[in-house]
Structure formats: structure tokens, C-alpha cells
Amino acid sequence: KDRKMKTLSEINEIVDKFKDFSTNAVFEMADMLKVYLEYCKNIQGNKAKTGIGSIDEGLGGIRPGELCGFIGATNVGKTSFAMQSAKATSQMMFDRIIPVICTEPTEIDMIERYLQIELDSNTYEVENICKDITFDSEQGQSLYLRLKKYENIIHVVKALKENELIPYIKMLEEITGKKAGYFIIDHIQGMKSDLRGNRSEKLEWIIAETKQAVNTLKIPGMFVSHVARSEVKDKKELSIYSGKGSGEIENSCQILFSIDLAEEEPAGFDLSHELRTKDNPHGKYKLLSVTPLKKKRGSAEKTFLLQNARTTELTEWNKKPLIDF
């Protein structure tokens, strides 16, 4: 009320002068408070999960507008982790879709992983179980019913360009009639870019655009990333700078974890004889460590996981799977 009100002609002059600029990006304190109160109204239902209880509890979930990254070497469990996160979040966001951008795994790879867990079988066993089953048969429909609980997870099996991410998600929303609640990119290095430059420069642009996507869509996002070859070759402990194309990875993520084969065992661990190692190639589990490298809030600490060497399923080490074999 204390402000001097401008006349309509003066306002029109200002609008004309700055017509190439949008006031949608300008916030006074009252505007920001209104936005934040609306943001908090259903914040818990809008957070994504990693699917690992102790991490989710310590982190408090991945919030809308946050980008979470997981870095790890080849064949260490990154896709399994992405699946775990998608499945856990889909069960909470049953009225929304969870797009998973598969830049490297194929649709065959992905469905086989789901079936491995559902059927408690390795890939060869899954092949033999499914080789004579048709989708419309009783056995085929039985398999589908077991997977139906994850039908809001939508897989996009394509190496998208960075400027296709938002349009693809919006297309999926139009097709399904549901809003996206969370998206995952597996793996970020598989994304494409028309930007001229070297691989590192392109990756920086891709990750920057991915961060822009979570801001624009106002949902959480996660990507998994390879680590630099030198980190694996020299067997270094993974750090915040270990991601392949380090620079924009740690800058754009509010949350960053590493996932790696554990170099040590947690206190009280009693499954050493069942671990799959060089000396014990037939062990039932691989022991992995998930380490927070960057987090702006929460108390998530280093966590040890067991990966079922037969089905690739992940479980916290002190919550041994019920199924034994």
C-alpha cells in the first residue's frame, strides 16, 4: 500500500520495454513463501526412495527438484540399484508413472532382471522357464500378474538426447493420463547431445539439462554413472571426483553416492563364507558398499548391501533375504 502505483500507460511502457523477459522467474518474499507452502503440502508423497531402508531413513527421501547421482564401476550393481529405487518409489506413487530411461540396457535385459527376482532364478534358468510360454497362455498371464504391481514403471529403451528428456516424459504423461512422479536415467553417459565438443563437454551439458528437467517438472530425478577408467584401473577409493566426466556430475547433484565392491566387512558380519570372491567364485552374494559423497541434508551414512549373485537383487547386509538356496 505504501508503494506509488503506476498508471496503466506506465505499466504498458515497461512491458513493451522488457517484452523479451518473463516475470515468471521473479519472486518477492510473499511469492516464495506461497510457493514453498504449496510445495510442503504433500512433500512426503512427492519424495522418491532409493529402496534401501537405512539410506531412505537417513536421507529423508529424494525431494522434488533434487537430482541424485550414483557412480560406480561396470558390473557393480548400478542398474540393480536403479531398479530397486524405481520399484520402491512406484509402490508409493501408484497413481503416477516412473519413467526409466535405459540408454544401455535393452528391453530384454530389463524384463529378464525383473523375472530373475520374481522367479528366484539366474538368467539361464529364466530362459528355460520362459522358452515355451506365450503371453496369452495361462503361464504367460501368471507371469504378467506377478509383474503388474510395477506397471507404472515405464521403460524408454533409447539413448535420448538431452533436449528430448522433458518431451518424452510429457509424452508418456499424455499417453498414460498420469503425471510423472520420478525419473531415472540408466546410464547418464549413454545420453546423446548435438552439442559440438568433446565427450566431457557434452556430458556436462547433458547433466546440466537433466538438472533443469527436475526443476521444470518439479519432480525428483536420479541417474547412475560410470566412473573414470583411471579410478578402476588404479583401484582407487571412489570420491566425489570419480565420476566419468567429473565436474558437472558433482556440481549438478544435490545428492551423490558411490556404489562399489566392499573392501571391508561391517562389524558383526557373519556371511564371509557365502561371499562371491576370487577365491570363492560360487558364493551366493557379493558385498557392496554405498557411500554418501555429497548430501546437503540428512544423516545417511555408509551402508553395506548384499547382492544376490543369482538374481541380482539387493538387500541390506543385516537383512538377509528370506529365500536361501
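The shown structure was predicted, so the numbers you read here are calculated from the model rather than taken from an experiment. (Residues numbered from 1 in each chain as written. Predicted model: local features only at pLDDT ≥ 70, side-chain atom pairs only at ≥ 80, totals over all residues. Heavy atoms only, no water.)

Draft legend 1. Molecular detail of the packing of aromatic side chains. Inspection of the entire model under this criterion finds six aromatic pairs. Ring geometry for Tyr 114 versus Tyr 150: centroids 6.0 Å apart, planes at 40 degrees, classification tilted. Of this pair, Tyr 114 sits in helix H5 (residues 107-119) while Tyr 150 sits in the loop between helix H7 (138-147) and strand S3 (153-157), and the two are 36 residues apart along the sequence. Each member of the pair, Tyr 114 as well as Tyr 150, is classed as buried. Seen in terms of ring centroids, Phe 269 and Trp 317 are 5.9 Å apart; in terms of plane orientation they differ by 50 degrees. Their pairing is tilted. Here Phe 269 is found in the loop between strand S6 (255-261) and strand S7 (285-295), whereas its partner Trp 317 is found in the segment after strand S9 (314-316), with 48 residues between them in sequence. For Phe 269, a relative accessible area of 11% corresponds to the buried category. (Phe/Tyr/Trp six-rings, centres within 6.5 Å; stacked < 30°, edge-to-face > 60°. Helix = DSSP H or I, 4+ residues; strand = E, 2+ residues; numbered from the N terminus. Buried < 20%, exposed > 50% of the residue type's maximum accessible area, 1.4 Å probe, protein only.)

Draft legend 2. Spatial organisation of the sheet that holds strand S2 (residues 98-102). Read from one edge to the other, the open sheet built from nine strands follows the order S3-S2-S4-S5-S1-S6-S7-S8-S9, with strand pairing classed as mixed. Bordering the open sheet on either side are S3 and S9, each of which pairs with just one other strand. Going from strand to strand, the sheet's axes swing by 25 degrees on average, the running direction of each strand aside. (Pairing = 2+ DSSP bridges. Axes fitted to C-alpha atoms, helices over the stretch in contact; angles between N-to-C directions.)

Draft legend 3. Layout of the pattern of salt bridges. Per the stated rule, a full pass over the model turns up 10 salt bridges. Here Lys 149 makes a salt bridge to Glu 118, at a shortest N to O gap of 3.2 Å. Of the two residues, Lys 149 is situated in the loop between H7 and S3 and Glu 118 in helix H5; the sequence distance between them amounts to 31 residues. With a shortest N-O distance of 3.0 Å, Arg 310 and Glu 125 are connected by a salt bridge. Taken as a pair, Arg 310 in the loop between strand S8 (303-308) and S9 and Glu 125 in helix H6 (residues 123-130) lie far apart in primary sequence, 185 residues in all. According to the relative accessible area criterion, Arg 310 is partly exposed, its value standing at 24%. (Salt bridge = Lys/Arg side-chain N within 4 Å of Asp/Glu carboxyl O.)

Draft legend 4. Up close: the nonpolar core. In this structure, Ile 62, Phe 70, Phe 81, Tyr 182, Phe 257 and Val 290 are the most contacted members of the largest nonpolar core, which totals 37 residues. Not counting residues within four places of it along the chain, the set of residues in contact with Phe 257 comprises Ile 55, Leu 59, Cys 68, Gly 69, Phe 70, Ile 71, Val 290, Thr 291, Pro 292, Leu 293 and Ala 300. Of all hydrophobic cores here, the second largest spans 28 residues; its members include Leu 160, Ala 180, Ile 219 and Leu 256. (Core = buried A, V, L, I, M, F, W, Y, C linked by side-chain atoms within 4.5 Å. Contact = heavy atoms within 4.5 Å.)

Draft legend 5. Spotlight on helix H9 (residues 199-217). For H9, built from 19 residues, the straight-helix expectation of 27 Å at 1.5 Å per residue is met to within 8% by its first-to-last C-alpha distance of 27 Å. Along H9, the positions that sit buried rather than exposed are Leu 203, Ile 206, Ile 207, Thr 210, Lys 211, Ala 213, Val 214 and Leu 217. Projection of H9 onto a plane perpendicular to its axis shows the buried side chains occupying an angular sector of 150 degrees, all on one side. Within two residues after H9, Lys 218 carries a phi angle of roughly 60 degrees, on the positive side. (Expected span 1.5 Å × (residues − 1). Arc of directions from axis to C-beta.)

Draft legend 6. Here's a closer look at the environment of Ala 48. Its place among the elements puts Ala 48 in the loop between helix H2 (29-40) and helix H3 (53-59). For Ala 48, a relative accessible area of 0% translates into the label buried. Distance in space between the C-alpha atoms of Ala 48 and Glu 263 is 29 Å, their sequence separation being 215 residues. Once you skip the residues sitting within four places of it in the chain, Ala 48 turns out to touch Gly 61, Ile 62, Thr 89, Met 92, Met 93, Tyr 182 and Pro 220.

Draft legend 7. Quick look at the confidence of the model for the chain. Residues of the chain with pLDDT of at least 70 account for 90%, and the chain-wide mean is 86. For the stretch residues 321-325, pLDDT sits under 50, and the model shows 11 contacts to residues farther than four places along the chain or on other chains. (pLDDT = per-residue confidence, 0-100.)

Draft legend 8. Main features of the pairing of S7. Counting buried positions along S7 gives eight out of 11 residues, so the element sits mostly inside the fold. Pairing of S6 with S7, which is carried by seven bridges, proceeds in the antiparallel orientation. Within S7, the residue paired with Ile 255 across the bridge is Lys 295. Of the strand pairs in this sheet, S7 and S8 are connected by six bridges, and their pairing is antiparallel. Looking at the pairing, Leu 288 lines up with Leu 305 of S8.

Draft legend 9. Seen up close, the environment of Gly 190. Among the secondary structure elements, Gly 190 is positioned in the loop between strand S4 (183-186) and H9. For the pair Gly 190 and Leu 203, spaced 13 residues apart in the sequence, the C-alpha separation amounts to 9.4 Å. Every residue in contact with Gly 190, bar those within four places of it in the chain, is listed here: Thr 103, Glu 104 and Ala 159.

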